[in-house]
Amino acid sequence: MSHQPVVDTKMSEEMDKPLISHRPVDSDGSLAEVPSEAPKVGIMGSGDFARSLATRLVGSGFSVVVGSRNPKRTAGLFPSAAQVTFQEEALGSPEVIFVAMFREHYSSLCSLSDQLAGKILVDVSNPTEQEHLQHRESNAEYLASLFPTCSVVKAFNVISAWTLQAGPRDGNRQVPICSDQPEAKRTVSEMVHAMGFTPVDMGSLVSAREVEAMPLRLLPGWKVPALLALGLLVFFYAYNFIRDVLHPYLQEGKNKFYKLPVSVVNTTLPCVAYVLLSLVYLPGVLAAALQLRRGTKYRRFPDWLDHWLQHRKQIGLLSFFCAALHAVYSFCLPLRRSHRYDLVNLAVKQVLANKSHLWVEEEVWRMEIYVSLGVLALGTLSLLAVTSLPSIANSLNWREFSFVQSTLGFVALVLSTLHTLTYGWTRAFEESRYKFYLPPTFTLTLLVPCVIILAKGLFLLPCLSHRLSKIRRGWEKDGAVKFTLPMDHALAQKTSHV
């Protein structure tokens, strides 16, 4: 059964501004203009989501009628422009009905099946994780089985009540939609547009199970990077504990367990940040080496490398997080009482030794360069983290984004390497630094970054860079596609990079 589009509005601009809660009928200029004859929309349910949905619909120019089992009790919670009445009275004129109730309450509408015949039912419900695993069919499919004469559409389940009230600027704009009725799907898509969101066609109603699983996922793309960061944190913390706390206790009888909360953590965080940053650019080096070996870009990477490439953004953000924590911990080091005691003890030793000053020129320069490089590295990492935000990334073209994430990212890696080398200075060659025959921590962290920097330098050699550029432009070894690069060097540099 075909329906005429419900929405006939003129959008002055996208609806980004929050609604005025106490005057929801007034348009603030960013919402759809109210037409002379506002289209009617029904809502079955009177919960928090139903109230937020009614607020958004009224502010978007719709005439809203709410069906409730107890309209007198719930009328005061809805916008004044929304009509709150009994369920059977709310189904008269609206062609689109939002079913904002839990799955177990769907059967309460079965007595109204005659009034619902031919209407569009928009299922906005979300199952719990246990319900999702328990039921083989989605809530939307179950609703469609109860009302076969209706057109059921799954939509708005990924949008929170807060986003509906505050506007799409404070939440995700995308609204996945699926239905077996193309006309009903188109009608709801137009409503989504009028409310300031972006509809995403997910296909037929069988996709509703996947759509309902979206809100149940807890940071799915962060699981592997988080476990990786946690594993590195545990490893380096244990390594630093053995060297800085356990070794003095066993070998010299000194109790330095007070270092565990701050000093050992502050020594661990830069190691984790540095290794994570190097792991962001290592898969690109491996991918380039694999393309050079294969002589083509049209063969898929191994699954582990493909997944690694897809997690680079999360790994980079975790690297920035650890680096920022390291900076905060470093500022807090002089505030510790143990540090004050060390200063007093040093001053007493200086007086007893009758030394006028303890100025060491080399150490002063080392620390000045070390701190300066650390600040520059953290600043570059901050720029990388900011440009990874969708709102910033969308304002950049591909060349600008690639320059920041690839070129400046490699600069951040080089600065971090210099920062680490300046910290180590000549300590790697002092026998006293090898406690329990374990090398200093910074020497371990330098292994992967130095390999990456060396590989990047090798890829800049004309024999390798020329071949890699040809491969990335479609050339294949022993294949049908063979050509020479243009003589214009600037054009060759525009080739996309892994």
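Just above sits the structure.
About the thresholds
Residues numbered from 1 in each chain as written. Predicted model: local features only at pLDDT ≥ 70, side-chain atom pairs only at ≥ 80, totals over all residues. Heavy atoms only, no water. Helix = DSSP H or I, 4+ residues; strand = E, 2+ residues; numbered from the N terminus. Buried < 20%, exposed > 50% of the residue type's maximum accessible area, 1.4 Å probe, protein only. Areas by Shrake-Rupley, 256 points an atom, 1.4 Å probe, with all protein chains shown as cover. Salt bridge = Lys/Arg side-chain N within 4 Å of Asp/Glu carboxyl O. Phe/Tyr/Trp six-rings, centres within 6.5 Å; stacked < 30°, edge-to-face > 60°. Lys NZ or Arg CZ within 6 Å of the ring centre and 35° of its normal. 1 Å grid on protein atoms, 1.4 Å probe; cavity = no way out; pocket = protein on both sides within 12 Å on 5 of 7 lines; lining within 4 Å. Points joined across faces, edges and corners; volume = space filled by probe spheres on them. Nonpolar A, V, L, I, M, F, W, Y, C, P; charged D, E, K, R; others polar. Contact = heavy atoms within 4.5 Å. Core = buried A, V, L, I, M, F, W, Y, C linked by side-chain atoms within 4.5 Å. Arc of directions from axis to C-beta. Pairing = 2+ DSSP bridges.

Colleague: Explain the overall build of the protein to me, using residue names and the numbers behind them.
Modeller: Each helix and strand in the protein was counted, giving 20 helices and eight strands. Looking at the protein residue by residue over its 498 residues, the buried ones come to 42%. Just so you have it, the protein exposes about 27,400 Å², and 60% of that area is on carbon and sulfur atoms.

Colleague: Break down the pattern of salt bridges for me, citing the residues and quoting the values.
Modeller: In the structure shown here, the tally under the stated rule is 13 salt bridges. Here Glu210 makes a salt bridge to Arg217, at a shortest N to O gap of 2.3 Å. When the shortest N-O distance is used, the salt bridge between Lys254 and Glu252 registers 3.2 Å. Via salt bridges that share partners, Asp123, Lys154 and Glu212 belong to a single interconnected network.

Colleague: Could you give an account of the packing of aromatic side chains, with specific residues and numbers?
Modeller: Summed over the entire model, instances satisfying the criterion amount to ten aromatic pairs. A ring pair is formed by Phe235 and Phe236, whose centres lie 5.1 Å apart and whose planes are at 70°; its orientation type is edge-to-face. By relative accessible area, which is 4% here, Phe236 ends up buried. Considering the side-chain rings of Trp304 and Trp308, the 6.3 Å spacing of their centres and the 45° angle between planes classify their relative orientation as tilted. Of the two residues, Trp304 and Trp308 are both situated in helix α11 (residues 303-310); the distance of four residues between them amounts to about one turn of the helix. The residue whose ring lies beneath Arg427 is Tyr423, and the NZ or CZ to ring-centre distance is 4.9 Å. A cation over a ring is seen here: Lys470 above Trp475, with NZ or CZ 4.6 Å from the ring centre.

Colleague: Could you give an account of the side chain of Asn240, with specific residues and numbers?
Modeller: By the element assignment, Asn240 lies in helix α9 (residues 223-251). The class for Asn240 is buried, based on a relative accessible area of 1%.

Colleague: Outline empty space enclosed by the protein, listing residues and values.
Modeller: Empty space among the atoms becomes visible once a probe the size of a water molecule is rolled across them. Scanning all chains against the criterion turns up one cavity of 30 Å³ or more. The volume enclosed by the largest cavity comes to roughly 30 Å³. What lines the largest cavity is simply Pro127, Glu131, His132, His135, Glu137, Ser138, Asn139, Arg209 and Glu212. Broken down by secondary-structure element, the contributors of at least two residues to the lining of the largest cavity are α4 (129-134) and α8 (208-213). Class assignment for the residues of the lining of the largest cavity results in one nonpolar, four polar and four charged.

Colleague: Break down the environment of Ile453 for me, with residues and values.
Modeller: Secondary-structure assignment places Ile453 in helix α18 (residues 447-459). Remark: the alpha-carbon pair of Ile453 and Leu282, spanning 171 residues in sequence, is separated by 9.6 Å. What Ile453 contacts, discounting residues up to four positions off in sequence, is Phe410, Val414 and Thr417.

Colleague: How would you sum up the nonpolar core? Please name residues and give values.
Modeller: Counting residues in hydrophobic clusters, the biggest one holds 44 residues, and the most contacted among them are Leu232, Leu276, Leu279, Leu305 and Leu384. Secondary-structure elements contributing two or more residues to this core are α9, α10 (263-294), α11, α12 (312-332), α14 (361-387), α16 (398-424), α18 and α19 (462-472). With 18 residues, α10 is the largest single contributor of residues to this core. Ignoring any residue separated from it by four or fewer positions in sequence, one finds Leu384 in contact with Tyr281, Val404, Gln405, Leu408, Gly409 and Ala412. Counting residues in hydrophobic clusters, the runner-up holds 34 residues, among them Leu57, Phe62, Phe78 and Leu164.

Colleague: Just give me the short version of helix α5 (residues 139-146), but keep the residues and values in it.
Modeller: All buried positions along α5 are accounted for by Asn139, Ala140 and Leu143. Buried residues in α5, looked at end-on, bunch into an arc of 100°, giving them a common side. The inward-facing, buried residues of α5 abut β4 (96-99), β5 (120-123), β6 (151-154) and α8.

Colleague: I'd like a rundown of the pairing of β5, residues and numbers included.
Modeller: Every regular strand shows the same layout, with side chains that alternate between the two sheet faces. Of the two faces of β5, both are covered, the one formed by Ile120 and Val122 as well as the one formed by Leu121 and Asp123. Sheet topology note: the β4/β5 ladder contains four bridges and is parallel. Among the inter-strand pairings, Val96 is bridged to a residue of β5, identified as Ile120. Of the pairings in the sheet, the one linking β5 to β6 comprises four bridges and is parallel in character. Residue pairing across strands places Ile120 opposite Ser151, the latter belonging to β6.

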